[in-house]
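# Summary of structural features
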Amino acid sequence: MEERYLALYPFITEASAYVSGLGFSLERLITSRAMDPARSRGVERVLQALKGDIEKPQFLASDDRKVLIELLSYPFSRILVSCIGDNFLIRRYALAEAVSCYKLLHSEPYEFICSIASDFHVDVLFSDHLFDIHFTDYIRLASSMKALEWKLVNRKMQKGHVYISKEELARLLQEAIRDRIQGSLPLDVSEDICQMCAPYISQIQTELQQIKENFGSGDFGAVESSMFPPCMVHAMANVRAGVNLAHSMRFALTSFLLNVGMPVDDIIAMFNVSPDFDLERTRYQIEHISGSSGTSYKPPSCSTMRTYGNCYGADELCSRIKHPLSYYRRKTWFNRHKHEASQQLPFSEKDNE
Amino acid sequence: MNEKTRNFLVNRFQAYYSQAEIHLPPEHISREWGFISFSDSSETFMKRHIAFGSEGEITDYLKGMGPSHSYYSVAYYEYPSAPKMKEKNWQKADLIFDIDSDHLPGKMNSYAEMLENGKKETFKLMEFLLDDFGFAEKDVHIVFSGGRGYHCHITDPSVLHLESPERREIVDYVSAKGIDIERILSTREVSGDAGRESAQMMVFPSGTEGGWRGRINRYFVSFMKDIVAMDKAEEVLMGFKGVGEKTARKIIEVFENEAQVEVLKGGNIDVLSGLNKKVINTLIEEGIKKMSAVVDEPVTADVKRLIRLPGSLHGGSGLKVMSLDINELEKFEPLRDAVVFGDRLVMSKVIKPFAVQMKGKDIEVEQGEQELPEYVAVHLMCRGVAEYG
């Protein structure tokens, strides 16, 4: 494959073989002045991923240097993401890399798409304007897609072969690319290497923090999310970032939100980004917790939360309450009375949760 | 079950295993094995996490123990006998379908009828597996479970590495779960001829298309053909909502004309414009229900499940768990062909009156002590309605 293709699709096996064949040491990539543009582009990749899309360069025939920089920026991005080691960042980054390739793949000739597919061990035949793939490859790639149209039952299948369009194949490959990148991260990077990358890392971390904070404080209409205890804020940020919650935390969050008055539909919408989201099941579970079967549930107490490792980021107020719902009640009360009441604040009422 | 009965059954099962032909699964040394014995405790428990190094060890175990139920894992493990699932190191698993006649819709009056329904369901499943999924007959193994249904084991290498959600997709396919009828039967705006408003044209799949789409066309065309072939075709058609005498006659004309039928098979159903879209939708929804196969989803999705060993005996019925070729299935009569015990008379105490069809005979047994042919006695004892002696 031509080098410029390797630079545009740097996650394929041939690209990583090519890069190791160049014989650059990790240290040179991180410290050499000549590699400065590759490092800048590496940081840019991650920042672009956080903000939305990774923009891919266009190469001219004479752009050898540009190609090399683009190619080397990829391993550098991966080192940065690995040093930070944040699940949300990893997901976001893998998705952005995959989406940017999906956009490119659209306009590539069919032989090229087939060769990318074969890098993912998917054999594709092209005939009569359609791509023919085996159903096992199809379900492997499409099982993470939730829309009805991707279900095998709605596909044209004959003797084990599924027929899909170029656009659809590109979309499926996006999933495969995301899986590969996400699954390979974080890399096992030494402490020393991360130290050397510190200036680049801090730029990304600032941005990451910003985005996470925005996630934590969503608009819930009548529900005041700024009054939520830190454990729930953290869980919500995770849900929205697509991180799968432990069962116990999922229950705690759902019952908490129901108890503070969030409508079932809003909670379902929030879980809609979970990687294993299943609408029917989610609705059933949430309605069950809300009391559809006669018993309505309260979230677990702080001590139970601690037992299951779900207590996170306890603050000053946490030390005075024993239940996440008390946190919310006190804080909203406090807030309401802030302006009216004097400084003598009634933190004396007893918790009876 | 008392001790005497238990001893009798263990003895009969051991005798069976001393001459039985067991169908071992591929790579049997990589499987986990599990057995339930005719035990005296009220709670049944399974001895599992067992591994065998050779075929001889397996047959020796069966001969020696005469277990009431014998299972092996659909999974292939690196360490099949490791006591914790995580330590076994899962490598791959056969693809399994379970058709449990108990779960099939409709009322069933007898055990025989129930088994017959399970067989019909198995045929529907086979059509999907061979036509749509393209599995070779040699890779699809049908097994009568010895109890209420049929299993189907697929050992084609292409499916062994599929994970649970992917296996669920296959179940959804054969059971038509999530099928999007709206997409299959959509309407398209077509611009009308001069002076006419634009019209709606029904988009219909063609009979040669793959998957459910082609199946729906073929079902619809043959369903309508059957109606038209009836003596009272006109009346039947007029029973559909919105179909009058004129439309009914027109439909009959269409189906009597081979050229028109070919057009329908090609996916153009404009000639049936008199048929209301809702009616077509309803007919097709019914057709999908009839064509889909009811299989037990959790069984297929479970890549570590234990499944009955073909050739072993089912301790709840005394019947043989039997491997079948697809061409054997049609003629297979479980209550005749899976009966392994003979006619020697055995003294039995029947606890309550019982009726069953076995070896082609209607057998009705009264309560009380009596001599019964061994195959009946074993069946009754296994089902807990008789004791030995």
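Residues numbered from 1 in each chain as written. Chains lettered and ligands numbered in written order. Predicted model: local features only at pLDDT ≥ 70, side-chain atom pairs only at ≥ 80, totals over all residues. Heavy atoms only, no water.

Let us now look at the domain arrangement of chain A. Residues and elements named next belong to chain A. Domain annotation for chain A reports domain 1 (3-106 + 186-210), domain 2 (110-180) and domain 3 (216-351). Summarising the inter-unit geometry, the C-alpha centres of domain 1 and domain 2 are found 27 Å apart. Domain 1 puts 13 residues into the contact, and the matching count from domain 2 is 14 residues. Summing the contributions of domain 1 and of domain 2, the shared interface buries around 1300 Å²; its carbon and sulfur component is 72%. When the buried surface of domain 1 facing domain 2 is broken down by residue, Phe11, Tyr102 and Leu105 rank first, second and third, together holding 44% of it. The interface formed by domain 1 and domain 2 contains 0 salt bridges. Counting residues per element, the side of domain 1 that touches domain 2 draws most heavily on helix H6 (residues 87-105), which supplies 7 residues. Per-class residue counts for the side of domain 1 that touches domain 2 are 11 nonpolar, 2 polar and no charged. (Domains from an automatic or database assignment. Contact = heavy atoms within 4.5 Å. Buried area = accessible area lost by both parts, 1.4 Å probe. Salt bridge = Lys/Arg side-chain N within 4 Å of Asp/Glu carboxyl O. Helix = DSSP H or I, 4+ residues; strand = E, 2+ residues; numbered from the N terminus. Nonpolar A, V, L, I, M, F, W, Y, C, P; charged D, E, K, R; others polar.)

Another aspect to go through is the interface of chain B and chain A. Chain B puts 26 residues into the contact, and the matching count from chain A is 18 residues. Here chain B and chain A share an interface that buries about 1900 Å² over both sides, 59% of which is from carbon and sulfur atoms. Of all residues in chain B, Phe133(B), Glu166(B) and Glu169(B) bury the most surface against chain A, accounting for 25% of the area lost on that side. At the boundary of chain B with chain A, the tally comes to 4 salt bridges. Scanning the region where chain B abuts chain A turns up 12 residue pairs in polar contact (both at pLDDT 80 or more). Elements supplying a minimum of two residues to the side of chain B that touches chain A: helix H4 (111-132), helix H5 (164-174) and helix H7 (211-228) of chain B. Here the residues of the side of chain B that touches chain A sort into 10 nonpolar, 6 polar and 10 charged. (Polar contact = N/O pair within 3.5 Å; in protein donor to acceptor, adjacent residues only side chain to side chain.)

A complete count under the given rule lists 1 disulfide over all chains for this structure. The closest cysteine sulfur to the non-disulfide-bonded Cys231(A) is located on Cys311(A), 6.2 Å from its own sulfur. (Disulfide = S-S within 2.5 Å.)

Tyr9(A), Phe135(A), Tyr138(A), Leu129(B), Phe133(B), Phe255(B) and Leu275(B) are the most contacted members of the largest nonpolar core, which totals 203 residues. For Tyr9(A), the contacting residues outside a window of four places in its chain are Ala15(A), Cys101(A), Leu104(A), Leu105(A), Glu108(A), Phe112(A) and Ile116(A). (Core = buried A, V, L, I, M, F, W, Y, C linked by side-chain atoms within 4.5 Å. Buried < 20%, exposed > 50% of the residue type's maximum accessible area, 1.4 Å probe, protein only.)

Turning next to the environment of Asp53(A). Residues and elements named next belong to chain A. One can find Asp53 in the loop between helix H4 (36-51) and helix H5 (64-84). In the structure, Asp53 is positioned 197 residues away from Arg250 in sequence and 30 Å away in space, judged by C-alpha atoms. Once you skip the residues sitting within four places of it in the chain, Asp53 turns out to touch Gln48, Val99 and Lys103. A polar contact is formed between the side chain of Asp53 and the side chain of Lys103, at a distance of 2.7 Å.

Quick look at the sheet that holds strand S1 (residues 124-127) of chain A now. All names here are of chain A. The 4 strands are arranged S1-S2-S4-S3 in an open sheet whose pairing can be described as antiparallel. Because the sheet does not close on itself, it has two edges, and the strands there are S1 and strand S3 (157-158). Both strand S2 (residues 130-134) and strand S4 (residues 161-164) contribute to a ladder of 4 bridges, which runs antiparallel. The residue of S4 that forms the bridge with Phe131 is Ile164. Against the sheet, helix H9 (residues 166-184) contacts S1, S2 and S4, and its axis sits at roughly 110 degrees relative to S4. (Pairing = 2+ DSSP bridges. Axes fitted to C-alpha atoms, helices over the stretch in contact; angles between N-to-C directions.)

On to the packing of H7(B) against helix H9 (residues 245-256) of chain B, then. Residues and elements named next belong to chain B. For the pair H7 and H9, interaxial distance at closest approach is 10 Å and the crossing angle is 110 degrees. Taken together, H7 and H9 sit at an angle that is classed as roughly perpendicular. For the element pair H7 and H9, the recorded crossing hand is left-handed. Together, Val221, Met224, Lys225 and Val228 of H7 and Ile251, Ile252, Phe255 and Glu256 of H9 make up the contact between the two elements. The residue makeup of the contact of H7 with H9, split by class, is 6 nonpolar, no polar and 2 charged. (Parallel < 35°, antiparallel > 145°, perpendicular 65-115°, else oblique. Left-handed = near helix turned anticlockwise from the far one by under 90°.)

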